[in-house]
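Fold and geometry: a report
Listed here are the chains, written in short residue letters.
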There are 2 protein chains.
Amino acid sequence: MSNDFARSGEWSRAELLARVVTESQRHYAEYSVFNQAMADHVGLHPTDMQCVALLDLEPGPVSTGDIARLTGLTSGSATRLVDRLVKAGIVERRADPHDRRRSLVTLAPSARTRIAQAWETPGQAFGAVLASYSDAELSVIADYLHRTAEVGRAQARRLASGETGA
Amino acid sequence: MSNDFARSGEWSRAELLARVVTESQRHYAEYSVFNQAMADHVGLHPTDMQCVALLDLEPGPVSTGDIARLTGLTSGSATRLVDRLVKAGIVERRADPHDRRRSLVTLAPSARTRIAQAWETPGQAFGAVLASYSDAELSVIADYLHRTAEVGRAQARRLASGETGA
DNA sequence: CACATTTACTGCGCTACGCAGATAAATCTG
DNA sequence: CAGATTTATCTGCGTAGCGCAGTAAATGTG
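Residues numbered from 1 in each chain as written. Chains lettered and ligands numbered in written order. Predicted model: local features only at pLDDT ≥ 70, side-chain atom pairs only at ≥ 80, totals over all residues. Heavy atoms only, no water.

1. Details of the overall build of chain A
Our working rule: Comment: elements are numbered from the N terminus, with helices defined as DSSP H or I runs of at least four residues and strands as E runs of at least two. When we talk radius of gyration, it's over C-alpha atoms, and the globule rule is simply 2.2 Å times the number of residues to the 0.38. For each residue, the accessible area found with a 1.4 Å probe, counting protein chains only, is set against the maximum for its type, and the residue is called buried under 20%, exposed over 50%, and partly exposed in between. Contacts are residue-level and defined by heavy atoms, with any inter-residue pair within 4.5 Å sufficient. The Shrake-Rupley method, run with a 1.4 Å probe sphere, supplies the accessible areas, and residue values consider only the shown protein chains as cover. This count recognises Lys and Arg as positive and Asp and Glu as negative, with His and chain-terminal groups excluded. By convention, the point assigned to a charge is CZ for Arg, NZ for Lys, CD for Glu and CG for Asp.
For chain A, the helix and strand inventory stands at six helices and three strands. Secondary structure elements of chain A, listed N to C terminal, follow the sequence α-α-β-α-α-β-β-α-α. A globule of 166 residues ought to have a C-alpha radius of gyration of about 15 Å, yet chain A, at 19 Å, is considerably larger. The principal-axis extents of the C-alpha atoms in chain A amount to approximately 60 × 45 × 30 Å. Across the 166 residues that make up chain A, the buried fraction comes to 43%. Contacts in chain A between residues far apart in sequence, at least 24 positions, make up 44% of those at least 6 positions apart. Put simply, chain A shows about 8,500 Å² of open surface, and 53% of that area lies on carbon and sulfur atoms. Side-chain charges in chain A split into 19 positive and 20 negative, and the spacing between the mean points of these groups amounts to 9 Å.

Here it is in structure tokens:
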């Protein structure tokens, strides 16, 4: 263990829970600023950046509708988003051979390297933090990220469905 | 430990590190959608929501300039942001007695309860995840959130300063 | 083969945002 | 203390992302 925050014996359970909540709030605030800075640096809008990240995560092509769902945008806005990325040479759009209504979007190879370059320095900095944790601790962190993401998705669905009904 | 991801012996160190990176990317994507859904639910824009979260985090009043820095907006946009929140009755703006150039922004009590209500159900859902961790694990999570937030802020500053020079 | 559904795209209006300049208050300088 | 400089916020203006609603084409269904 590598720092002051790890001396769990000094906090009560309730204090620990409250601290995670507070830290996550600050974390998201800082993340937003960082994400925006990265987007500016690459010359894209934060939403476009998010879309690129999604495409970078998926090995295969993604449809415009998938992008709309994954970003929370409407189908029209997703179309415009892909328009921008195509125009900027970041992605390629072609019709799905099996369903010609759908248009499949793939990240251009040049964009992949561009993103990788932009992540070089930040990636090292974040990597240095991760390097300080043991395997077991990394496992806990990955588990936390995964499960809270699932809860976030579920809650977003709940809010979206209750939106019209309320 | 409470799930499949905790069997750290089954992954190599490199795989664990890669998994944390992947999970965090998906995590942020889901967070964005959730945050947007929450903003829609309370009738605010995501940026406004972020500002309210910042104000909710701080006990004392925050200046417009602080909001600009903490959100990454320009001073003009921050002014407009506060305008919207004042008009919506979410915050109150008054001049700083000690420095009458500055305007201090405080969260209105009614807004605080409104936010608390909106967070009730999601808070329980996220709380259920946290409840499954031991004190030591919660400590690791809080530490991770804290340190990555710091790195994010530092990297954002680096990108912002290098922006004009490059 | 007619009809409903799905998927993506387009016209339109709204508004958040950055930029640049203005204003006013505080601070520095001689 | 007068004038210059710096700091903090606000305002006019143009750009552009976004949602909404309607359209067109491809697919599924009886």
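Having seen the structure, we can now continue with the description.
2. Points about the protein's contact with DNA strand D
Stated formally: Consider each residue's heavy atoms; a residue with any of them within 4 Å of a molecule or strand counts as near. Between N or O atoms, a polar contact is any pair within 3.5 Å; within protein, one atom must be a potential hydrogen donor and the other a potential acceptor, and residues adjacent in sequence are included only when both atoms are from side chains. Residue classes follow a fixed rule: Ala, Val, Leu, Ile, Met, Phe, Trp, Tyr, Cys and Pro count as nonpolar, while Asp, Glu, Lys and Arg count as charged, and any other residue, Gly among them, counts as polar.
Every one of the 22 residues lining DNA strand D counts as a neighbour, but A:Thr47, A:Ser77, B:Gly65, B:Arg93 and B:Arg101 are closest to it. Put simply, 71% of the atoms of DNA strand D that lie within 4 Å of the protein are in sugar or phosphate. Within the backbone of A:Arg100, one N or O atom sits 3.4 Å away from a phosphate oxygen of DNA strand D. Counting residues per element, the ones that place at least two in the surface near DNA strand D are α4 (75-87) of chain A together with α3 (64-71) and α4 (75-87) of chain B. With four residues, the top contributor of residues to the surface near DNA strand D is α4(B). Considered class by class, the residues forming the surface near DNA strand D number one nonpolar, 13 polar and eight charged.

3. A few points about the packing of aromatic side chains
Residue and element names in this part refer to chain A. Using the following cut-off: Aromatic pairing here means that ring centres of Phe, Tyr or Trp (its six-membered ring) are within 6.5 Å. Orientation follows from the plane angle: under 30 degrees is stacked, over 60 is edge-to-face, and everything else is tilted.
Inspection of every chain in the model, using the stated rule, returns seven aromatic pairs over all chains. With centroids separated by 5.6 Å and ring planes inclined at 75°, the aromatic side chains of Phe34 and Phe126 adopt a geometry described as edge-to-face. Pair noted here: Phe34 is in helix α1 (residues 13-42) and Phe126 is in helix α5 (residues 109-131), with a separation of 92 residues, a long-range link. Put simply, the rings of Phe34, Trp119 and Phe126 touch in pairs and so form one group of aromatic residues.

4. Re the environment of A:Tyr133
Take A:Tyr133: it is sitting in the loop between α5 and α6 (135-165). A:Tyr133 gets classed as buried once you look at its relative accessible area, which sits at 2%. Not counting residues within four places of it along the chain, the set of residues in contact with A:Tyr133 comprises A:Leu138, A:Ile141, B:Arg13, B:Val140, B:Asp143, B:Tyr144 and B:Arg147. In this structure the side chain of A:Tyr133 is engaged in a polar contact, spanning 2.5 Å, whose partner is the side chain of B:Asp143.

5. As for the relation of the copies chain B and chain A
Convention followed: The atoms used to superpose the copies are C-alpha atoms, taken from residues with pLDDT of at least 70 in both, and the fit is least squares.
With an axial shift of 0.0 Å and an RMSD of 0.1 Å, the rotation relating chain B to chain A amounts to 180°. The symmetry that links the two subunits is that of a two-fold axis. Relative to the rotation axis, the C-alpha of B:Ile141 is the closest in chain B, positioned 3.0 Å from it.

6. Here's the deal with the protein's contact with DNA strand C
In the vicinity of DNA strand C, 22 residues are found, and the nearest of them are A:Gly65, A:Arg101, B:His45, B:Thr47 and B:Ser77. Close to the protein, within 4 Å, the atoms of DNA strand C are drawn from sugar and phosphate at a rate of 71%. One of the side-chain N or O atoms of A:Ser75 is found 3.3 Å from a base nitrogen in DNA strand C. One of the side-chain nitrogen or oxygen atoms of B:His45 is found 3.0 Å away from a phosphate oxygen of DNA strand C. In terms of residue count, α4(A) provides more of the surface near DNA strand C than any other element does, four residues in total. Split by residue class, the surface near DNA strand C holds one nonpolar, 12 polar and nine charged.

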